[in-house]
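# Commentary on secondary and tertiary structure
Okay, here's what each chain looks like letter by letter:
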Amino acid sequence: MKYKKVVRLYSNSRVAKYYRATNRNKNKAVMLYFANMKIAQAFHPLLSSFEVILRSQLHYALAHHFSDGNWIINQKAGFLLCERYVCDNQ
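It should be emphasised that the depicted structure is a prediction, and the values quoted were computed from it without experimental measurement. (Residues numbered from 1 in each chain as written. Predicted model: local features only at pLDDT ≥ 70, side-chain atom pairs only at ≥ 80, totals over all residues. Heavy atoms only, no water.)

## Considering the overall build of the protein
Regarding its fold elements, the protein presents six helices and zero strands. Across the protein, every contact between residues at least 6 apart in sequence was considered, and the portion connecting residues at least 24 apart equals 22%. (Helix = DSSP H or I, 4+ residues; strand = E, 2+ residues; numbered from the N terminus. Contact = heavy atoms within 4.5 Å.)

This is the structure in structure tokens:
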């Protein structure tokens, strides 16, 4: 893919880092950008698994803490209210 098309599709600010990293070589910048994309794609299954495992473990811990498997609904009055946690810090 040509450099101009990559910049148009993905944005100049995103591609410019690769352009500078390759001493302003447009062909190398495009190759480096897509190589980085392949690396990111390789991490996706791992990150996806991590996210699911983290959510599951948080659920198990909070369900145990509250002795309530439906804690996200039933415990919002003592746990998830804005004024107690978020709004005080704003």
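Having seen it, we continue.
## Observations concerning unusual backbone geometry
The backbone of Ser11 sits at a positive phi, close to 100°, despite the residue not being glycine. Structurally, Ser11 is set in the loop between helix H1 (3–10) and helix H2 (12–21). The backbone of Asn23 sits at a positive phi, close to 55°, despite the residue not being glycine. You can see Asn23 is positioned in the loop between H2 and helix H3 (26–66). Residue classification places Asn23 among the exposed positions, given a relative accessible area of 71%. (Buried < 20%, exposed > 50% of the residue type's maximum accessible area, 1.4 Å probe, protein only.)

## Quick word on the packing of H1 against H3
Look at H1 against H3: their axes get within 9 Å of each other, and the N-to-C directions meet at 45°. Considering their axes alone, H1 and H3 lie oblique with respect to each other. Mapping the contact onto sequence places Tyr3, Val6 and Tyr10 in H1 and Lys26, Ala29, Val30, Tyr33, Phe34 and Met37 in H3. Looking at the contact of H1 with H3, its residues break down into eight nonpolar, no polar and one charged. (Axes fitted to C-alpha atoms, helices over the stretch in contact; angles between N-to-C directions. Parallel < 35°, antiparallel > 145°, perpendicular 65-115°, else oblique. Nonpolar A, V, L, I, M, F, W, Y, C, P; charged D, E, K, R; others polar.)

## Observations regarding the pattern of salt bridges
Here the structure, examined in full by the defined rule, presents one salt bridge. Of the charged contacts, one joins Arg55 and Glu51 as a salt bridge, the two residues approaching to 2.4 Å between their closest N and O atoms. Within this pair, Arg55 and its partner Glu51 are both found in helix H3, separated by four residues, close to a single helical turn. (Salt bridge = Lys/Arg side-chain N within 4 Å of Asp/Glu carboxyl O.)

## Focus: the packing of aromatic side chains
For the structure on display, the rule yields five aromatic pairs. Connected via pairs of aromatic rings, a cluster forms that spans Tyr10, Tyr18, Tyr33 and Phe34. (Phe/Tyr/Trp six-rings, centres within 6.5 Å; stacked < 30°, edge-to-face > 60°.)

## Observations concerning a nonpolar patch on the surface
Residues Ile39, Phe43, Leu46 and Leu47 make up a contiguous nonpolar surface patch of roughly 420 Å² in combined accessible area. Here Leu46 is to be found in helix H3. (Patch = residues over 30% accessible without salt bridge, like charges linked within 9 Å, V, L, I, M, F, W, Y side chains within 5 Å. Areas by Shrake-Rupley, 256 points an atom, 1.4 Å probe, with all protein chains shown as cover.)

## Some details on H1
Burial in H1 covers these residues: Tyr3, Val6 and Val7. One face of H1 carries all of its buried residues, which in axial projection span an arc of 100°. Turned more than 90 degrees from where H1 packs its buried face, Lys4 and Arg8 sit exposed. If you follow the buried residues of H1, they end up packed against H2 and H3. Immediately downstream of H1, the backbone of Ser11 shows phi near 100°, a positive value. (Arc of directions from axis to C-beta.)

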